[in-house]
Amino acid sequence: MDNRLFSIDPYAGISYGLYNAVKGEDGSFEDFLLHYDSAGASDGDNSWLNKIITENTANALSSPEVLEAMNTLGVGLDLTSSMDYFDAQVYAAKMQLMQAFSKRDDYEEMKPLLEQLMS
């Protein structure tokens, strides 16, 4: 089945490779077919892949380990379904910044500035 799709839609093979790069072992060809937008891909629109990346990022950020670390730092998690890939990346960078600053000796002095950055 996948060989026939790839011969009909030249973007499908490339898109399936991108899908596998994002999903890894959690992905399947059937799941790819449920998400893939052939017409959009042929027009250069890869929003279907951005949605998968956003879902994966949201899932990673809402893992028990991350939530526990955020709770320790006093940071709330507000992921909405409208978050796009760029927003998820910015949020992840902010989280890394919070974590790095929490290890500094002057964390208490920096805390008001960091809370302002997170809003």
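Notes on the structure in this doc start here.

Thresholds applied
- Residues numbered from 1 in each chain as written.
- Predicted model: local features only at pLDDT ≥ 70, side-chain atom pairs only at ≥ 80, totals over all residues.
- Heavy atoms only, no water.
- Helix = DSSP H or I, 4+ residues; strand = E, 2+ residues; numbered from the N terminus.
- Areas by Shrake-Rupley, 256 points an atom, 1.4 Å probe, with all protein chains shown as cover.
- Expected span 1.5 Å × (residues − 1).
- Buried < 20%, exposed > 50% of the residue type's maximum accessible area, 1.4 Å probe, protein only.
- Arc of directions from axis to C-beta.
- Polar contact = N/O pair within 3.5 Å; in protein donor to acceptor, adjacent residues only side chain to side chain.
- Axes fitted to C-alpha atoms, helices over the stretch in contact; angles between N-to-C directions.
- Parallel < 35°, antiparallel > 145°, perpendicular 65-115°, else oblique.
- Contact = heavy atoms within 4.5 Å.
- Salt bridge = Lys/Arg side-chain N within 4 Å of Asp/Glu carboxyl O.

Points about the overall build of the protein
- A count of helices and strands for the protein gives eight helices and zero strands.
- Listing the helices and strands of the protein from first to last along the sequence gives α-α-α-α-α-α-α-α.
- Of the roughly 8,000 Å² of accessible surface on the protein, a fraction of 52% belongs to carbon and sulfur atoms.

A closer look at helix α2 (residues 10-23)
- Along its 14 residues, α2 runs 21 Å from first to last C-alpha, staying within 8% of the 20 Å computed at 1.5 Å per residue.
- Restricting attention to buried positions, one finds in α2 the residues Ala 12, Ser 15, Tyr 16, Tyr 19 and Lys 23. Along the long axis of α2, the arc covered by the buried residues comes to 110 degrees, so they all point the same way. Exposed and facing more than 90 degrees away from the buried side of α2 are Pro 10, Ile 14 and Ala 21.
- By the N-cap criterion, in which a side-chain oxygen at the helix start approaches the backbone nitrogen of a residue two or three places on, α2 is capped by Asp 9, the distance to Tyr 11 being 3.1 Å.

Thoughts on the packing of α2 against helix α5 (residues 47-61)
- Look at α2 against α5: their axes get within 10 Å of each other, and the N-to-C directions meet at 5 degrees. The orientation of α2 with respect to α5, classified from their angle, is roughly parallel. Listed contacts from α5 to Ser 15, Leu 18, Tyr 19, Val 22 and Lys 23 of α2 are Trp 48, Leu 49, Ile 52, Ile 53 and Asn 56.

Brief notes about the environment of Ala 88
- Structurally, Ala 88 can be placed in helix α7 (residues 85-102).
- Ala 88 gets classed as buried once you look at its relative accessible area, which sits at 0%.
- Considered as a pair, Ala 88 and Thr 54 are 34 residues apart in the sequence and their alpha carbons are 6.6 Å apart.

Section: the pattern of salt bridges
- Throughout the structure, instances matching the rule amount to one salt bridge.
- The shortest N-O distance in the salt bridge between Lys 23 and Asp 31 comes to 3.9 Å. Summarising the burial analysis for this pair, Lys 23 and Asp 31 share the class buried.

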